[in-house]
Amino acid sequence: MILNKPLLEPAAGVAQPRQAATGVDSRFDCTLYPRVQNRGIRQPEVRPPMASLNPIQASPPEEKLVVVIDDDEIMRLSCEQILTKAGYRVETFANGHDGIRRLREIRPPLLVVDIKMPELNGFEVIRSVRQFDPDMAIVVITGYATIETAVDAMKAGAYDFLPKPFTPGELRMIIERGRERWRLIKEAQRLRREKEEVERRFITLVSHQLKSPLVAVKQYLDVMLFSLQGQLPDKAVEWVGRSQARLVEMLTLIQDWLALSKIEGGSWSDLAASTPLAPIVADIVQDQRLLPLAASLTIDVALPADLPPVRGDRVSLSMLVSNLVGNAIKYNRPGGSISIASTLENGWVKLVVRDTGIGIPQEYIPHLFQEFFRVKTPETQDIPGTGLGLVICKRIVTELGGSIEVSSEEGQGTAFVVRLPVAEMKKETG
Ligand code: ADP
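Structural notes, computed from the coordinates. (Residues numbered from 1 in each chain as written. Predicted model: local features only at pLDDT ≥ 70, side-chain atom pairs only at ≥ 80, totals over all residues.)

## Some points on the overall build of the chain
For step 1, the next point in the chain: Within the chain one finds ten helices and twelve strands.
For step 2, the next point in the chain: For the chain, the proportion of its 430 residues judged to be buried stands at 36%. (Helix = DSSP H or I, 4+ residues; strand = E, 2+ residues; numbered from the N terminus. Buried ≥ 20, exposed ≤ 12 C-beta atoms within 10 Å, placed from the backbone.)

Have a look at this one:
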């Protein structure tokens, strides 16, 4: 990405761009247990570790909670009795609709569901649960056990299959196995999150440590070139120039990473602020027109004067616009054009940054908002970048409650469409 110069300068001093089941179907004694009641780039600062990064689920799910969905009351009571005795807390539901509603709320580790039920059958329950919880261990029970039903249940997302009639021991064993599997999945997820967090903290720390010496080296080189003007051999001037370009790339990466870390840290944008977009766009276009890359480009700006201010502070919005305009310049072609237009649409301020540049192959589009992702084509191989600019844009827009979309045609150009909420009339930062 190309960063907005005035926003960069204070940063680094350089201007570079998250039952008894036995006989279930026959006769058995029933003990009724009482039902348990359902119950512009702001300069990143050194921050404490990113505690809010990838926050771990606030209230941990109850590990020994089982939901049983079965239209057969005797079966529900039997499962409840067996599992309660085994130390589980059991909630039972007579139909899929009520069960799913509760599952959504409590996300238990374990679900026991009958396949054959009126209204919503077990397959439909499983499919619905899988949409909001990929990890829940689901055990299906049925009186009509066939290999096909078992295979179908597994395909739909069940973890295991228990044909009727079954013994209390069989039910306990399958539930215990399911719980263990669920626990292992959760543990693996927790470890992965911790590892990612440690890595991020480490990179952030190293980035901070590296920034100052890199800035110093760059400044020494600037001074050397300036004070020894005319005295250095051409080759030396070329090498120093190349070194400076590499330093600028490193500083840009550090800058982007620190900015992203700060946004990930939460509460970065001032959501109460109200900022007009027009002056921001004007400033950024003015700065970026000066870039050598922009020399042959036509940049059109069409922002109506009566456009209402948007939610967010100037710094966040500058960073967003500067990344999008910077990319439109960077990935353009000589003689190309850029248009920046904004309209009020259904209560949202819509900002479109369109360019006639190299475009993005369709297969890369789903990955554009992933950290460090860069399109790798012959056309992009010599274009410097960090693969963090669009991630930063996405995080800012998300934090502000808006959206960002991209459409592109290879060889034709790219358009980024950002929708931002209109600000409530309060303080203006523009
Ligand atoms: P970078 O620092 O690499 O530009 P970004 O996150 O800003 O990182 O962009 C990610 C990738 O998306 C870029 O490497 C580039 O390939 C592609 N891209 C972004 N904007 C454009 C654009 N306007 N035109 C073509 N490709 C773009």
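Back to the write-up after that little detour.
## Thoughts on the packing of helix α2 (residues 73-85) against helix α6 (residues 168-227)
For step 1, the next point in the chain: In the contact formed by α2 and α6, the axes pass within 10 Å of each other and the chain directions differ by 65°. Of the possible angle classes, the one that applies to α2 and α6 is roughly perpendicular. In this structure, α2 meets α6 at a crossing whose hand is right-handed. Contacts between α2 and α6 involve Cys79, Ile82 and Leu83 on the former and, on the latter, Pro168, Leu171, Arg172 and Ile175.
For step 2, the next point in the chain: Its residues assigned to classes, the contact of α2 with α6 shows six nonpolar, no polar and one charged. (Axes fitted to C-alpha atoms, helices over the stretch in contact; angles between N-to-C directions. Parallel < 35°, antiparallel > 145°, perpendicular 65-115°, else oblique. Left-handed = near helix turned anticlockwise from the far one by under 90°. Contact = placed C-beta atoms within 7 Å. Nonpolar A, V, L, I, M, F, W, Y, C, P; charged D, E, K, R; others polar.)

## As for the site of the ligand
For step 1, the next point in the chain: Around the ligand, the surrounding shell holds 23 residues, and the nearest of these are Asn327, Tyr331, Val375, Gly385 and Gly389.
For step 2, the next point in the chain: Within the shell around the ligand, the residues separate by chemical class into eleven nonpolar, ten polar and two charged. (Near = placed C-beta within 6 Å.)

## As for the sheet that holds strand β10 (residues 348-355)
Across a sheet, paired strands are connected by hydrogen bonds in the backbone, their directions being either parallel or antiparallel.
For step 1, the next point in the chain: Read across the open sheet, the five strands follow the order β7-β9-β10-β12-β11; overall the sheet is mixed. Each edge of the open sheet is held by one strand with a lone partner, namely β7 (298-302) and β11 (403-409). Between one strand axis and the next, the sheet turns by 15° as a mean value, whatever way the strands run.
For step 2, the next point in the chain: Inspection of the sheet shows strand β9 (residues 337-345) paired to β10 by eight bridges, in the antiparallel sense. Bridge pairing in β10 links Ile340 to Val353. (Pairing = 2+ DSSP bridges.)

## Concerning helix α10 (residues 389-400)
Given 3.6 residues per turn, any residue in an α-helix points the same way as the ones three and four places further on.
For step 1, the next point in the chain: In a regular helix each residue adds 1.5 Å, so twelve residues correspond to 16 Å; α10 covers 17 Å between its end C-alpha atoms and thus fits that length.
For step 2, the next point in the chain: Against the buried residues of α10 lie α7 (234-264), β8 (310-311), α9 (314-330), β11 and β12 (413-421).
For step 3, the next point in the chain: A positive backbone phi angle near 90° is found at Gly401, which sits one or two residues after α10. (Expected span 1.5 Å × (residues − 1).)

## Quick look at unusual backbone geometry
Among all residues save glycine, negative phi is the norm, and among peptide bonds the norm is trans.
For step 1, the next point in the chain: Pro165 follows Lys164 through a cis peptide bond whose omega is -5°.
For step 2, the next point in the chain: Considering the arrangement of structural elements, one finds Pro165 in the loop between β5 (160-163) and α6.
For step 3, the next point in the chain: Of note in the backbone geometry, Arg107 takes a positive phi value of approximately 40° without being a glycine.
For step 4, the next point in the chain: What makes Arg107 partly exposed here is the crowd of 17 C-beta atoms within 10 Å.

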